[in-house]
Amino acid sequence: MKKTVAIVGLGYVGLPLALVARNKGWNVVGFDVDEKKIAKIMQGKAPFEDVYVEKELANAPLHASTKPSVIANADVVVVAVPTPVTSDHMPDLTPLTSSLESILPYLKNGQLLSIESTINPGVMAEVVLPVIQKRPELNIHIVHCPERVNPGDATWSVANIPRVIGGFTKDATRKGKEFYESILDAKVKEMDSVMEAEAVKILENTFRDINIAFVNEMAKSFDTLGIDIKNVIEGAATKPFAFMPHYPGNGVGGHCISVDPYYMIEKARQAGFDHEFLKLAREINNSMPAFAVSLIDRAKEKLSLQDPIEVALLGLSYKKDIDDIRESPALEMRKILENRSDISLRVFDPHVPRLSTVESLDAALQGTEVVILATNHSDLIDALTPGNLKKYGVACVIDGKNALDADGIAQEGILYLGIGRSRE
Ligand SMILES: NC(=O)c1ccc[n+]([C@@H]2O[C@H](COP(=O)([O-])OP(=O)(O)OC[C@H]3O[C@@H](n4cnc5c(N)ncnc54)[C@H](O)[C@@H]3O)[C@@H](O)[C@H]2O)c1
């Protein structure tokens, strides 16, 4: 008989995972509190942009429900609910605890419960376990298996990214490994404890945040010296060891890199340790949207632009070719731009039409003096050629992703200002 896996939280992580498990022969059910999302999934429609999800749901809808009882007959329960921060950057574990509270009455002896949401070391023991222990008679296997998916990545997907797993018992870890290896085309590394598995994810994501902060700082510094950081990174990357290229930009967004460090900072603070490095990285990366927008003032002075300056902000999502706007630096840039009385702003993102102020790139570029590229969507990169920018009479391009043809744009007589990279 087919085994059943129940996925709790059918978002960017949970839904692709559910479909991957289904393709590997598991019977899959889903539980989510979002009624609209469940309705779409049941109709075979993807609730967000994801080619794999769209294709798989069109083939066959997934059995999903807003009722937690749907998990009752599952052999495995996977929790992939959000772990955001509050407006003052404090960890918000309410979705995690409330999802566990709602499934608690339906958990059964012998089940495997895997938490995939990103959490700091200690959450499994201090937050997850106390909820489960409200039913002391319950005997289940509990593991943490952090998700590593990289939305929009054509090579690495939920299905083939290797995992780490840590359980409260060796038996739980082994059972968890068996489950994940039955649905993934990837290796699963057993960690010695739950806390080690939690710490792996935090280490990976803070590593990335810190390295991006480092190149962002170098970009600001090189900017004052007129050095092109992109060329310098390409040069440094020829060293075959001990250098891993990271690239500067107008900020760090998304649900992970810009959020997870705060979980660690707060947990360490409570334990009596002050994470100076992590805090500084967050500060530097959070300063980048304002830095990118401030380049307008350089353009204004150099080109003697008159108020109000016609500005087009292109891209709102936090990374290319997806519609996810969570923690996107482009939203912060938009806020800063909207608060400036010397700017007349239009906004366009082909993946986020609901937040765009114009309906097409053509409408965004007509009569625009300064173009700000905030997200390097393929469509935008393809369209923002030097010749096209010239045709629209654009005077300055601010390239928040250092993704455009700097030399070609400058050759057309357009001022090019990137992040640590300009042609003035
Ligand atoms: N998105 C990524 O790229 C990514 C990558 C790695 C790890 N993660 C981590 O995975 C977790 C999930 O992220 P996501 O991007 O899938 O989030 P998401 O917001 O896309 O999806 C989470 C889903 O959980 C549902 N939900 C919220 N509260 C619930 C509750 N109480 N009961 C049942 N369902 C509930 C939401 O309605 C939503 O559909 C987070 O901890 C995140 O940090 C995300």
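Keep in mind it's a predicted model, so treat the numbers as computed, not measured. (Residues numbered from 1 in each chain as written. Predicted model: local features only at pLDDT ≥ 70, side-chain atom pairs only at ≥ 80, totals over all residues.)

1. Comments concerning the pairing of strand S13 (residues 415–418)
- Going residue by residue along S13, you find Leu-415 and Leu-417 tucked away on one face and Tyr-416 and Gly-418 tucked away on the opposite face as well.
- In this structure, strand S12 (residues 396–399) lies alongside S13, joined through four bridges in parallel fashion. By the bridge assignment for S13, Ile-398 is matched with Leu-417.
- In the classification by handedness, the crossover that spans S12, the intervening helix H15 (residues 406–411) and the parallel S13 is right-handed.
- One ladder, built from two bridges, connects S13 with strand S14 (residues 422–423); its direction is antiparallel. In the sheet register, Leu-417 faces S14, and the bridge partner there is Ser-422.
- The turn linking S13 back onto S14 is made up of three residues, and Gly-420 within it adopts a positive phi angle of 75°. (Buried ≥ 20, exposed ≤ 12 C-beta atoms within 10 Å, placed from the backbone. Helix = DSSP H or I, 4+ residues; strand = E, 2+ residues; numbered from the N terminus. Pairing = 2+ DSSP bridges. Right-handed = clockwise from strand over helix to strand, strands pointing away.)

2. Focus on the nonpolar core
- The biggest cluster of nonpolar side chains holds 123 residues, and the ones touching the most others in it are Val-8 and Ile-372.
- If you tally residues by element for this core, the top one is helix H10 (residues 276–303), at 10 residues.
- Taken domain by domain, the makeup of this core includes at least three residues from each of domain 1 (4–191) and domain 2 (193–424).
- Residues contacting Val-8, with those up to four places away along its chain left out, are Phe-31, Ile-71, Val-77, Val-78, Val-79, Ala-80, Val-81, Ser-99 and Ile-103. (Core = buried A, V, L, I, M, F, W, Y, C linked by C-beta atoms within 7 Å. Domains from an automatic or database assignment. Contact = placed C-beta atoms within 7 Å.)

3. Overview of the sheet that holds strand S8 (residues 188–190)
- In spatial order, the strands read S3-S2-S1-S4-S5-S6-S7-S8; together these eight strands make up an open sheet with mixed pairing. Every interior strand has two partners, whereas the edge strands, strand S3 (63–65) and S8, have only one. Between one strand axis and the next, the sheet turns by 25° as a mean value, whatever way the strands run.
- Note: strand S2 (residues 27–31) against S3, three bridges, orientation parallel. For Gly-30, the partnering residue across the bridge sits in S3 and is Ala-64. (Axes fitted to C-alpha atoms, helices over the stretch in contact; angles between N-to-C directions.)

4. Focus on the packing of helix H1 (residues 14–23) against helix H3 (residues 51–59)
- One way to put it is that H1 packs onto H3 with a least axis distance of 10 Å and a crossing angle of 50°. When the axes of H1 and H3 are compared, the pair comes out oblique. Crossing angle aside, the handedness with which H1 passes H3 is left-handed. Listed contacts from H3 to Leu-15, Pro-16 and Leu-19 of H1 are Tyr-52, Val-53 and Glu-56.
- In terms of residue class, the contact of H1 with H3 is built from five nonpolar, no polar and one charged. (Parallel < 35°, antiparallel > 145°, perpendicular 65-115°, else oblique. Left-handed = near helix turned anticlockwise from the far one by under 90°. Nonpolar A, V, L, I, M, F, W, Y, C, P; charged D, E, K, R; others polar.)

5. Some remarks on the sheet that holds S12
- Spatially, S10-S9-S11-S12-S13-S14 is the arrangement adopted by the six strands of the open sheet, whose pairing is mixed. In this open sheet, the two edge strands, each paired with only one partner strand, are strand S10 (343–348) and S14.
- In the packing of H10 onto the sheet, the strands contacted are strand S9 (309–314), strand S11 (370–373), S12 and S13, and the crossing angle to S13 comes to about 155°.
- Strands S9, S10 and S11 of the sheet are contacted by helix H11 (residues 329–338), whose axis makes an angle of about 165° with S9.

6. With respect to the pairing of strand S7 (residues 163–167)
- A large share of S7 lies buried, amounting to five of its five residues.
- Burial along S7 is two-sided: Arg-163, Ile-165 and Gly-167 facing one way and Val-164 and Gly-166 facing the other are all buried.
- Pairing of strand S6 (residues 141–144) with S7 involves two bridges; the strand directions are antiparallel. Bridged to His-144 within S7 is Gly-166.
- As paired elements, S7 and S8 share three bridges and run parallel to each other. Note that in S8 the partner of Ile-165 across the bridge is Glu-190.
- Each parallel crossover has a hand, and for S7 linked through helix H6 (residues 170–183) to S8 it is right-handed.

7. Some thoughts on the domain arrangement of the protein
- You can read the domains of the protein as domain 1 (4–191) and domain 2 (193–424).
- The centre of domain 1, based on its C-alpha atoms, is set 32 Å off from the matching centre of domain 2.
- At the junction of the two partners, domain 1 supplies 28 residues and domain 2 supplies 26 residues.
- Those elements that provide at least two residues to the side of domain 1 that touches domain 2 are helix H5 (123–132) and S7.
- Looking at which element gives the most residues to the side of domain 1 that touches domain 2, the answer is S7, with four residues.
- By residue class, the composition of the side of domain 1 that touches domain 2 is 19 nonpolar, eight polar and one charged.

8. Some thoughts on the site of the ligand
- Surveying the vicinity of the ligand reveals 29 residues, the closest of which are Gly-9, Gly-11, Val-13, Ser-99 and Ser-117.
- If one sorts the elements of the shell around the ligand by residue count, helix H4 (residues 94–103) sits on top with four residues.
- Within the shell around the ligand, the residues separate by chemical class into 13 nonpolar, 10 polar and six charged. (Near = placed C-beta within 6 Å.)

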